[in-house]
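Here are the chains, one letter per residue:
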Amino acid sequence: MSDFFRSELVRGDIQEMSELQQFCMRSMVAFPVLSPEKKLEYFNVMETLIEKQKIFYARLKLSDDPEAIEMAESMRDAIIMMGASPDANISAMFDNLLDKVKMMKQKLEAEGG
């Protein structure tokens, strides 16, 4: 394991993002039957997850650790496979996702959720 991934902070961040992702996956499957409060919680957790992923990606990109560089490239490749262009600004993509989640959250709140 490289120095980057030995860091307690990095390992903690990865664990936290994993737990947030698991919550989001469970909530996404049950979304149609969730109460308005649970839907709002889902959107709040999604915002937190995306913000953490954006920060983590930035830290990967700033690192000179070979494993961090490889993980950043893997994340970029995954995003491209999901339809982003190869020259996409990943940070802007995270911002775009955050905007979409905030819009869905506002719509839910406007509907009385």
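Here, every reference points to the structure presented above.
Residues numbered from 1 in each chain as written. Predicted model: local features only at pLDDT ≥ 70, side-chain atom pairs only at ≥ 80, totals over all residues. Heavy atoms only, no water.

**Q** I keep staring at helix H2 (residues 8-30) and nothing clicks. Help me out?
**A** The end-to-end C-alpha separation of H2 is 33 Å, in line with the 33 Å expected for 23 residues at 1.5 Å each. Those residues of H2 that sit buried are Val10, Asp13, Met17, Leu20, Cys24 and Ser27. Structurally, H2 contributes buried residues whose contacts are with helix H1 (3-6) and helix H3 (36-62). In this structure Ser7 caps H2, since a side-chain oxygen of it lies 3.2 Å from the backbone nitrogen of Leu9. (Helix = DSSP H or I, 4+ residues; strand = E, 2+ residues; numbered from the N terminus. Expected span 1.5 Å × (residues − 1). Buried < 20%, exposed > 50% of the residue type's maximum accessible area, 1.4 Å probe, protein only. Contact = heavy atoms within 4.5 Å. Polar contact = N/O pair within 3.5 Å; in protein donor to acceptor, adjacent residues only side chain to side chain.)

**Q** For this particular structure, what's the right way to read the environment of Val10?
**A** The residue Val10 is located in helix H2 in this model. Note: C-alpha distance between Val10 and Val29 (19 residues apart in sequence) is 29 Å. If we skip the residues at most four places from it in the chain, Val10 touches Phe4, Phe5, Phe56 and Arg59.

**Q** Sorry, what's going on with the packing of H3 against helix H4 (residues 66-81) here?
**A** Contact geometry of H3 with H4 gives a least axis separation of 8 Å together with a crossing angle of 130°. Between H3 and H4, the angle is such that the two are oblique. In terms of crossing hand, the pair formed by H3 and H4 is left-handed. Of the residues in H4, those touching H3 at Phe56, Tyr57, Leu60 and Lys61 are Ala68, Met71, Ala72, Met75 and Arg76. When its residues are assigned to classes, the contact of H3 with H4 shows seven nonpolar, no polar and two charged. (Axes fitted to C-alpha atoms, helices over the stretch in contact; angles between N-to-C directions. Parallel < 35°, antiparallel > 145°, perpendicular 65-115°, else oblique. Left-handed = near helix turned anticlockwise from the far one by under 90°. Nonpolar A, V, L, I, M, F, W, Y, C, P; charged D, E, K, R; others polar.)

**Q** I would appreciate a short explanation of the pattern of salt bridges in the present structure.
**A** Side-chain pairing between opposite charges can occur once the charged atoms of the two side chains come close. Overall, the coordinates contain seven salt bridges when judged by the stated rule. Asp13 is paired through a salt bridge with Arg59; the nearest N and O atoms lie 2.5 Å apart. Here Arg59 lies in helix H3 and Asp13 lies in helix H2, a separation of 46 residues in the sequence. Of the residues examined, Arg59 reaches a relative accessible area of 23% and is grouped as partly exposed. (Salt bridge = Lys/Arg side-chain N within 4 Å of Asp/Glu carboxyl O.)

**Q** Explain the packing of H2 against H3 to me, please; I cannot follow it from the model alone.
**A** A pair of packed helices can be characterised by two numbers: the angle between their axes and the separation between those axes. Between H2 and H3, the least distance of the axes is 9 Å, while the angle of their chain directions is 145°. Our pair here, H2 against H3, has a crossing hand that is left-handed. Each of Leu9, Val10, Asp13, Ile14, Glu16, Met17, Leu20, Gln21, Phe23, Cys24, Ser27 and Met28 in H2 lies in contact with H3, whose residues at this interface are Glu41, Tyr42, Val45, Met46, Thr48, Leu49, Lys52, Gln53, Phe56 and Arg59. Residue classes in the contact of H2 with H3 are distributed as 13 nonpolar, four polar and five charged.

**Q** Honestly, the environment of Lys39 in this entry has me stumped. Any pointers?
**A** Within the fold, Lys39 resides in helix H3. With a relative accessible area of 18%, Lys39 lands in the buried category. For the pair formed by Lys39 and Lys61, sequence separation is 22 residues and the distance between their alpha carbons is 33 Å. Discounting residues that sit within four places of it in the chain, Lys39 has contacts with Phe31, Pro32, Leu34 and Leu108.

**Q** Explain the nonpolar core to me, please; I cannot follow it from the model alone.
**A** When a protein is soluble and globular, its nonpolar side chains tend to lie buried together. Membership of the largest hydrophobic core comes to 23 residues, with the highest contact counts inside it found for Phe4, Phe5, Cys24, Met46, Ile50, Phe56 and Leu60. Among the elements of the structure, H1, H2, H3, H4 and helix H5 (90-110) are those that each provide at least two residues to this core. The element contributing the most residues to this core is H3, with nine residues. When neighbours within four sequence positions are excluded, Ile50 is seen to be in contact with Phe94, Leu97, Leu98 and Val101. (Core = buried A, V, L, I, M, F, W, Y, C linked by side-chain atoms within 4.5 Å.)

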